[in-house]
Number of protein chains: 2
Amino acid sequence: MEITIDIEDPIPLFTQLVEQIKAAIIESKIKPGDSLPSIRQLANDLELNSKTVAKAYKLLERDLVIQSRGYRGTFVHPEALINSKMDLNADVIAQLNFAISACKKAGVTDSEIRIAFSCAMNSKNN
Amino acid sequence: MEITIDIEDPIPLFTQLVEQIKAAIIESKIKPGDSLPSIRQLANDLELNSKTVAKAYKLLERDLVIQSRGYRGTFVHPEALINSKMDLNADVIAQLNFAISACKKAGVTDSEIRIAFSCAMNSKNN
DNA sequence: AGTTGTTCCGTGTGTGGTAATGGTACATCT
DNA sequence: AGATGTACCATTACCACACACGGAACAACT
């Protein structure tokens, strides 16, 4: 598994990590069940902060691409191949796009939408 | 029509203007068909920039509270009384709240939602 | 000629979010 | 003992945006 992190790249480091791991799975360089290096170890290898790697791992686990078995290490998810190709954000963008374009058609200003958005984000109605 | 603008108030100046004009209509201090001072004149009276007053007027016109008849001046909208009580933003917030909480329940990160939001705002799908 | 609403250019300040860094601590497994 | 993922505290730099301000110009009305 060869991972290259480019600090000069405007793409966030944790995003680079996530993308490259997903790519490695799609290219079958890593297969379901394989073990991944620990957060601290990978952070050392790539000269990154362990928090940055932890963030990437957390996102990958949420997307069911990897599985962290607690103290036993982290492994590639059984259905990692399918889930690596899924783009959760696409659905999110579609959903928001619908609500936003509805607002725009109703004549709501962009800045008003932005204000309403941060209102909705900060409210605790989960 | 007595309008008071408080510069120290954290509420934006144009918002104060909008609210007070709506209040004046609800309290029947101004009635449908009445003429409103011009943008520049009101800006002078309140010691505001004309842009600030123009912004307030534009919003009031969108909400069908006032009517600008081009070069003939600005007047109170026939149905101003009803429209002054409506809160467009409330509907917007509700609509966004629905989409956002759906995303959160799907496990989408707050920052991911924000990114998707700015994506949707910048896209040209009107 | 003067005023109307509108639109374009721009400047400056303040707020808030993201990204990344660091340190410390925890319970649990090998 | 040593490593695991995870949680909390924090700071720094950057960037996008809201708000308000200023100047200038436009076409069309009185």
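Residues numbered from 1 in each chain as written. Chains lettered and ligands numbered in written order. Predicted model: local features only at pLDDT ≥ 70, side-chain atom pairs only at ≥ 80, totals over all residues. Heavy atoms only, no water.

Undergrad: Even after reading the chapter, I still don't get the packing of aromatic side chains, so can you show me in this structure?
TA: Each aromatic ring pair is specified by the distance between its two centres and by the angle formed by the two planes. This structure, assessed with the given rule, holds one aromatic pair over all chains. Ring plane angle 5 degrees and centroid distance 3.7 Å describe the contact between F117(A) and F117(B), whose orientation is recorded as stacked. Of this pair, F117(A) sits in helix α6 (residues 110–122) while F117(B) is found in helix α6 (residues 110–122), placing the two residues in two different chains. Classification of F117(A) as buried rests on a relative accessible area of 5%. Over the ring of F14(A) we find K55(A); its NZ or CZ atom is 4.1 Å from the centre of that ring. Residue placement shows R69(B) over the ring face of F75(B); its charged tip is 4.4 Å from the ring centre. (Phe/Tyr/Trp six-rings, centres within 6.5 Å; stacked < 30°, edge-to-face > 60°. Helix = DSSP H or I, 4+ residues; strand = E, 2+ residues; numbered from the N terminus. Buried < 20%, exposed > 50% of the residue type's maximum accessible area, 1.4 Å probe, protein only. Lys NZ or Arg CZ within 6 Å of the ring centre and 35° of its normal.)

Undergrad: How should I be thinking about the domain arrangement of chain A in this particular structure?
TA: Buried accessible area, meaning the area lost when the parts come together, often serves as the stated size of an interface. Annotation of chain A at the domain level lists domain 1 (13–85) and domain 2 (88–122). Measuring from the centre of the C-alpha atoms in domain 1 of chain A to the corresponding centre in domain 2 of chain A gives 32 Å. (Domains from an automatic or database assignment.)

Undergrad: I'm lost on the protein's contact with DNA strand D in this one. Help?
TA: If you check the shell around DNA strand D, you find 22 residues, and the closest are S38(A), Y71(A), L13(B), K51(B) and Y71(B). Close to the protein, within 4 Å, the atoms of DNA strand D belong to sugar or phosphate groups at a rate of 68%. At a separation of 3.1 Å, a base nitrogen of DNA strand D approaches a polar side-chain atom of K51(A). Grouping the amino acids of the surface near DNA strand D by side-chain chemistry returns seven nonpolar, seven polar and eight charged. (Near = heavy atom within 4 Å. Polar contact = N/O pair within 3.5 Å; in protein donor to acceptor, adjacent residues only side chain to side chain. Nonpolar A, V, L, I, M, F, W, Y, C, P; charged D, E, K, R; others polar.)

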